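# Commentary on secondary and tertiary structure
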Amino acid sequence: MRGEHVRLTTLTIRTLAAIAALTCAGSSARAAPDPEVPAADPEDILGEIVVTADTSARPLLLPKIGVELRSSGPEADEVDAVLRRDLDLSGEFVVLARDAAPPPETADAPLDRAAWRAAGAATVVRLRTAAVDGDAVELSAEVYLCDDTGPPIFTSARPIPRPRLRAATHALVDAILRSLTGYSGPFVSALTFVRAEGGARIVYTIDPDGHGLRAISTAEQLALAPALGPGDVLHYAASVNHGRQRLYRAGVAEPLAVEPRGSIHGLAFSPDRARVALSIATDDGVQLFTGDAELKELTPQTRLMLALHPAFSPSGHLAYAGTRGKLQRVYVDKRPVSPPGISASSPTFCRHPDGTKLVYSVGVRQNADLIVADERGRDPVRLTRGRGRNSAPACSPDGRLIAFFSTRKRGDGPGLYLMRVDGRRPRKIADVLGDSLQWARVQPD
């Protein structure tokens, strides 16, 4: 055991030093050049290879949507605020102001579609709450097309326990988005990440509207690589008392048994939670292993010095940030796809309605930018530029949004952001920074 401890300690020190230098493409240090690639200015390389998304010259034309609240009280105001914010964050609509159309004369008056049409609305959500027996609220909504005279295209009415009203409103927005776009929205989900606090690294979860930030891991655990696994149970790697990084389930004190043994530096589950990918320290470096979600029969997938940040695509492709020599690049199925000569990390896949997209972060001088490409890494487009370090991208469950951390000074300042996959409409949702961001759908209560 003593010999194994010495080997693991030596490897861990070497590995963690390499990871600290390479895993954050958004770090302030430029990655050392790969011996196979001549050194060059990252701006010159990106200018030659990557198209920059034009997010200002061409206006983004989105349909306008109105929300007409037909009730009053604290519950009604909360539902109205959550629904409006979700619709705005979705990036699919321009949400009209509350006074865009005249208020109805009575709570039961028919919807004045002509007034909403005059305000520019293509669609209107009529919303109401009503107290029912016990500690519950009936939440009801109808969606109307303003250029139509027929019945609503979507209706919903059901009693909701008051403590679950916010969560139920997220589910309602997802259903409304499905009725209008054909794709369920992303709001019945959770974002999870790691935040450094003093000498600790704590796993947090937060709702996709920036509400409900809460710590999951304990202060005694130095955590990394959180991911939602089967049954929506959060898993993460953590070191306790300077030991090796082991795999934990949230709420369970004892670590899970993983073979091969070794510190775990990366974790991902497939979209259906049936498969798992683990970055495990071995004698040859940090290797990538895959297997079923029960952690059985893990098989090696790489022979690189470091293979970190694994991510599964919806069709089963496997991306990761791999290192040969001293340069970290993004790989898809063992093929490097990020621009040569630039440090890249944190790949993630967006199952976008127009086709699956690969998103990752690249180091650019003292900053970092986000790149989007097709599922195999082709036709890359640069989404951010000159706005601080933009790192740790995570794709929404519906594939239409990217969450990321940004240190930008302008606009709303540093924090956790959401934006469309085309780089449009960035929205800050929380004043937090971190790493290892992931976004996954959860089962509604």
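What you see is a predicted model; the values in this text were computed from it and never measured. (Residues numbered from 1 in each chain as written. Predicted model: local features only at pLDDT ≥ 70, side-chain atom pairs only at ≥ 80, totals over all residues. Heavy atoms only, no water.)

### So, the nonpolar core
The biggest cluster of nonpolar side chains holds 40 residues, and the ones touching the most others in it are Leu83, Leu87, Leu127, Leu172, Leu191, Leu416 and Leu437. At six residues, helix α5 (residues 165–181) tops the list of elements feeding residues into this core. Contact partners of Leu127, with chain neighbours within four places excluded, come to Val67, Glu68, Leu69, Arg70, Ser71, Val79, Asp80, Leu83, Leu139, Ser140, Ala141 and Leu172. (Core = buried A, V, L, I, M, F, W, Y, C linked by side-chain atoms within 4.5 Å. Buried < 20%, exposed > 50% of the residue type's maximum accessible area, 1.4 Å probe, protein only. Helix = DSSP H or I, 4+ residues; strand = E, 2+ residues; numbered from the N terminus. Contact = heavy atoms within 4.5 Å.)

### Comments concerning the sheet that holds strand β5 (residues 136–145)
Spatially, the five strands line up as an open sheet ordered β3-β2-β4-β5-β6, and their pairing is mixed. Each edge of the sheet is formed by a strand with only one pairing partner; in this case those strands are β3 (94–95) and β6 (154–161). Judged from the six bridges that link them, strand β2 (residues 64–69) and strand β4 (residues 121–132) form a sheet pairing that is parallel. Its bridge partner lying in β4, Lys64 is registered against Ala121. Across the sheet, helix α3 (residues 74–89) lies against β2, β3, β4 and β5, angled at about 175° from β2, the strand it touches most. Relative to β6, α5 is tilted by about 170°, and along the sheet it contacts β2, β4, β5 and β6. (Pairing = 2+ DSSP bridges. Axes fitted to C-alpha atoms, helices over the stretch in contact; angles between N-to-C directions.)

### Brief notes about the packing of α3 against α5
Close contact between α3 and α5 brings their axes to 9 Å; oriented N to C, the two are set at 45°. Between α3 and α5, the interaxial angle falls into the category oblique. Two packed elements cross with a definite hand, and for α3 against α5 that hand is right-handed. Contacts from Glu75, Glu78, Val79, Val82, Leu83, Asp86 and Leu87 of α3 reach α5 at Leu165, Arg166, Thr169, His170, Leu172, Val173, Ile176 and Leu177. Residue classes in the contact of α3 with α5 are distributed as nine nonpolar, two polar and four charged. (Parallel < 35°, antiparallel > 145°, perpendicular 65-115°, else oblique. Left-handed = near helix turned anticlockwise from the far one by under 90°. Nonpolar A, V, L, I, M, F, W, Y, C, P; charged D, E, K, R; others polar.)

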